[in-house]
Amino acid sequence: MHIVIMGCGRVGSMLATGLEKRGHSVAIIDVNVDAFRRLGQDFKGLTIKGVGFDREVLEAAGIRKADAFAAVSSGDNSNILAARVVRENYHVDNVVARIYDQGRAAVYERLGIPTVATVKWTVTQVLRRLLPEGSEPVWRDPTGTARLLQIKVHNGWVGRRISELQAAAGTPIPFVQRVGRGLVPDRDTIFQDGDLIYIACHTDRTDELETLFANPPAKH
């Protein structure tokens, strides 16, 4: 995957180096070139000076081939503007924005832009939303037998009933996160763009389930 990041602060630099270590190509944007020092000498990705809602800057970062975009600068307005430009003009579906003002987060999620809070586990949250596979479990039992996974689902499942996703997985989907709130699905609940699903499963099925939902549903 090619992933573009706006903001090379603590969160952005940790995301960039973490994603590169996972084998992804990364471009990171910041208005301050000194910020790139946080990446270290081993970083091989692109570093672009500028703002993440400037189209020339985005083009230089390879946004046309990007699979995902994360706006994690220090400004809410910049993050949301950049996320909307990328989603609406470059049609990158996998976009996430960091938001400081949680009172506004639900509004942005209704625009189809998932948001994360500015808490100590922000990097983990963003990684879970950016990467279709390889995310860490939300919870695991002490014996390591079972776990609860937060999984990003391919847009090809949008419009399907959650019960259909559960049937495909062969394991419970106890709740869904939608516009920043938890939702316990019933048999008629429809999977919507931007939803995150939580799957309870045996640990040995983690790779299988993440691969299942990283792809569109199989055609019969």
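This structure is a prediction, so every number in the text was calculated from the model and none was measured.

### Things to note about the pattern of salt bridges
Stage number 1. In total, this model carries 8 salt bridges according to the counting rule given.
Stage number 2. A salt bridge links arginine 160 to glutamate 164; the shortest N-O distance between them is 3.6 Å.

### Focus: the packing of helix H6 (residues 162–169) against helix H7 (residues 206–213)
Stage number 1. Running from amino to carboxyl end, H6 crosses H7 at an angle of 140 degrees, the nearest separation of the two axes being 10 Å. In terms of orientation, H6 and H7 fall into the oblique class. Helix-helix and strand crossings are classified by hand; for H6 and H7 the assignment is right-handed. Along the contact surface, H6 presents Leu165, Ala168 and Ala169, while H7 presents Leu209, Leu212 and Phe213.

### What to know about H6
Stage number 1. Listed in full, the buried residues belonging to H6 are Ile162, Leu165 and Ala169. Buried positions in H6, seen along its axis, are confined to an arc of 55 degrees and lie on one side of it.
Stage number 2. In this fold, the buried residues of H6 make contact with strand E9 (175–178), strand E11 (196–202) and H7.

### Some points on the side chain of aspartate 195
Stage number 1. Structurally, aspartate 195 can be placed in the loop between strand E10 (181–183) and E11.
Stage number 2. Residue aspartate 195 is classed as buried on the basis of its relative accessible area, which comes to 5%.
Stage number 3. Of the polar contacts made by the side chain of aspartate 195, one reaches the side chain of arginine 178; its length is 2.7 Å.
Stage number 4. For aspartate 195, the side chain forms a polar contact with the main-chain nitrogen of glutamine 192, separated by 2.9 Å.

### Focus on helix H3 (residues 76–89)
Stage number 1. An ideal rise of 1.5 Å per residue puts 20 Å on 14 residues; H3 measures up with 20 Å between its terminal C-alpha atoms.
Stage number 2. Among the residues making up H3, those that are buried are Asp76, Asn79, Ile80, Ala82, Ala83, Val85, Val86 and Arg87.
Stage number 3. Phi turns positive, to about 55 degrees, at histidine 91, one or two residues after H3.

### Thoughts on the nonpolar core
Stage number 1. Val4, Ile29, Leu58, Ile63, Phe69 and Val86 are the most contacted members of the largest nonpolar core, which totals 22 residues.
Stage number 2. Every element with two or more residues in this core is listed here: strand E1 (2–6), strand E2 (25–30), helix H2 (55–60), strand E4 (68–71), H3 and strand E5 (95–98).
Stage number 3. For this core, the leading source of residues is H3, giving 5 residues.
Stage number 4. Filtering out sequence-adjacent residues up to four positions away, valine 86 remains in contact with Leu58, Ile63, Phe69, His91, Val92 and Val95.
Stage number 5. In terms of nonpolar packing, the next biggest core, distinct from the first, is built from 18 residues, Ile5, Ala16, Phe43 and Ala68 among them.

About the criteria used
Residues numbered from 1 in each chain as written. Predicted model: local features only at pLDDT ≥ 70, side-chain atom pairs only at ≥ 80, totals over all residues. Heavy atoms only, no water. Salt bridge = Lys/Arg side-chain N within 4 Å of Asp/Glu carboxyl O. Axes fitted to C-alpha atoms, helices over the stretch in contact; angles between N-to-C directions. Helix = DSSP H or I, 4+ residues; strand = E, 2+ residues; numbered from the N terminus. Parallel < 35°, antiparallel > 145°, perpendicular 65-115°, else oblique. Left-handed = near helix turned anticlockwise from the far one by under 90°. Contact = heavy atoms within 4.5 Å. Buried < 20%, exposed > 50% of the residue type's maximum accessible area, 1.4 Å probe, protein only. Arc of directions from axis to C-beta. Polar contact = N/O pair within 3.5 Å; in protein donor to acceptor, adjacent residues only side chain to side chain. Expected span 1.5 Å × (residues − 1). Core = buried A, V, L, I, M, F, W, Y, C linked by side-chain atoms within 4.5 Å.

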